[in-house]
Amino acid sequence: MDFTGKVVLITGASSGIGASTAKYLTNLGATCVLAARNEAKLAEVRKECVSVGRVEPLTVVTDVTKREDLERLVRVIIAKYGRLDVLVNNAGKGAAGSIEQADLEQFDDILDTNLRSVFALTKLALPHLLAVKGNIVNVSSVAGTNSFHNALSYCVSKSALDQFTRCTALDLAEKGVRVNSVNPAVIVTNFHKAIGMEDEAYAAYLKHCETTHPLGRVGTGDEVAASIAFLACDATASFITGTLLRVDGGKHILTPR
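To start, this report covers the structure provided alongside it.

1. As for the overall build of the chain
No. 1: Helices and strands together make up the secondary structure of the chain, namely 10 helices and seven strands.
No. 2: A globule of 257 residues ought to have a C-alpha radius of gyration of about 18 Å, and the chain, at 17 Å, matches this closely.
No. 3: For the C-alpha atoms alone, the extent of the chain along its principal axes is close to 50 × 40 × 35 Å.
No. 4: Each of the 257 residues in the chain was classed as buried or not, and the buried ones make up 49%.
No. 5: Here the contacts in the chain between residues at least 6 apart in sequence split such that 72% fall between residues at least 24 apart.
No. 6: Within the structure as shown, the chain displays about 12400 Å² of accessible surface, and the carbon and sulfur contribution to it stands at 53%.

2. Things to note about the sheet that holds strand E4 (residues 86-89)
No. 1: Spatially, the seven strands line up as an open sheet ordered E3-E2-E1-E4-E5-E6-E7, and their pairing is parallel. For this open sheet the edge positions go to strand E3 (58-61) and strand E7 (244-247), each flanked by a neighbour on one side alone. For this sheet the average axis-to-axis angle between neighbouring strands, irrespective of direction, equals 15°.
No. 2: Against the sheet, helix H9 (residues 221-232) contacts E4, strand E5 (135-139), strand E6 (178-184) and E7, and its axis sits at roughly 165° relative to E6.

3. Points about the state of the cysteines
No. 1: Throughout the structure, instances matching the rule amount to zero disulfides.
No. 2: Unpaired in terms of disulfides, Cys-32 finds its nearest cysteine sulfur in Cys-49, a separation of 6.2 Å.

4. So, helix H8 (residues 199-212)
No. 1: With 14 residues, H8 should reach 20 Å at 1.5 Å per residue; the first-to-last C-alpha distance of 20 Å fits that figure.
No. 2: Here H8 has its buried residues at Tyr-202, Cys-209 and Thr-212. The buried residues of H8 all sit within an arc of 65° when viewed along its axis, so they share a single face. Along H8, exposed side chains directed more than 90 degrees from the buried face belong to Glu-200, Lys-207 and Thr-211.

5. Brief notes about the packing of helix H1 (residues 16-27) against H9
No. 1: For the pair H1 and H9, the least separation of the axes is 8 Å and the interaxial angle reads 60°. One way to sum up the angle between H1 and H9 is to call them oblique. Considering only the axes of H1 and H9, their crossing is right-handed. Of the residues in H9, those in contact with Ile-17, Ser-20, Thr-21, Tyr-24 and Leu-25 of H1 are Gly-221, Asp-222, Val-224, Ala-225, Ala-226, Ile-228 and Ala-229.

6. Considerations on a nonpolar patch on the surface
No. 1: Judged by side-chain polarity, Ile-99, Leu-152 and Val-156 come together as a nonpolar surface patch covering roughly 250 Å² of accessible area.
No. 2: Structurally, Ile-99 can be placed in the loop between E4 and helix H4 (104-132).

7. A word on the environment of Asp-171
No. 1: Along the polypeptide, Asp-171 turns up in helix H6 (residues 152-173).
No. 2: For Asp-171, a relative accessible area of 53% gives the class exposed.

8. Looking at the environment of Gly-92
No. 1: With respect to the helices, strands and loops of the structure, Gly-92 is situated in the loop between E4 and H4.
No. 2: Residue classification places Gly-92 among the partly exposed positions, given a relative accessible area of 42%.
No. 3: Contacts of Gly-92, omitting those with residues within four sequence positions, involve Thr-113 and Asn-114.

Conventions used here
Residues numbered from 1 in each chain as written. Predicted model: local features only at pLDDT ≥ 70, side-chain atom pairs only at ≥ 80, totals over all residues. Heavy atoms only, no water. Helix = DSSP H or I, 4+ residues; strand = E, 2+ residues; numbered from the N terminus. Rg over C-alpha atoms; globule rule 2.2 N^0.38 Å. Buried < 20%, exposed > 50% of the residue type's maximum accessible area, 1.4 Å probe, protein only. Contact = heavy atoms within 4.5 Å. Areas by Shrake-Rupley, 256 points an atom, 1.4 Å probe, with all protein chains shown as cover. Pairing = 2+ DSSP bridges. Axes fitted to C-alpha atoms, helices over the stretch in contact; angles between N-to-C directions. Disulfide = S-S within 2.5 Å. Expected span 1.5 Å × (residues − 1). Arc of directions from axis to C-beta. Parallel < 35°, antiparallel > 145°, perpendicular 65-115°, else oblique. Left-handed = near helix turned anticlockwise from the far one by under 90°. Patch = residues over 30% accessible without salt bridge, like charges linked within 9 Å, V, L, I, M, F, W, Y side chains within 5 Å. Salt bridge = Lys/Arg side-chain N within 4 Å of Asp/Glu carboxyl O.

In structure tokens, the structure reads:
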């Protein structure tokens, strides 16, 4: 896979899957634009990208829930590079809560980040993707294809994102723009700690996940990044669109007993 000359926008690039994808694609020659809210963490990821890649990434502090930030982000990219080849909609967040526990504020907050922002940024980026017949990779979850206890808002947001992926893939196929998603299961990132899981509980959770993933382990950010690269690369995925690629150690085929 070679991304030389390709401009790739990655949201949520300051940590987790986004940071792994930034480093992975930079190593493959991509000109990466890293967008996230945390300027200090973006700078750290940028430094790591410089150490492995041939092209220095651009960082743009962005809150994906703010339309003005998204408009500025796209303007900056086009002003600097004149094109956009790949959009990786990775920014997202989670929250625990069943229908009894979750409230409307949580529901709106999760969908604002995980779904509405994807719609907004895709609309803004689309003219530039159409111009070069680029492609989009959305970062969804096994929670989009499977139902999980005590994660209502998150599951709904990712299920809706999967439908967004399929519908936009149909809409844009005849215009040469591919749209796919990756749907990871448990990946070692800061995701669970960000929603309040303490270190000891997280370690126990990862151990338990060895029994809930048929491959007997959880995944890594690099494994998801490689899958994103595969889908984003025309040399490997030019005939793939509307696909939800499960990067989940077989979790989606496991039947609980």
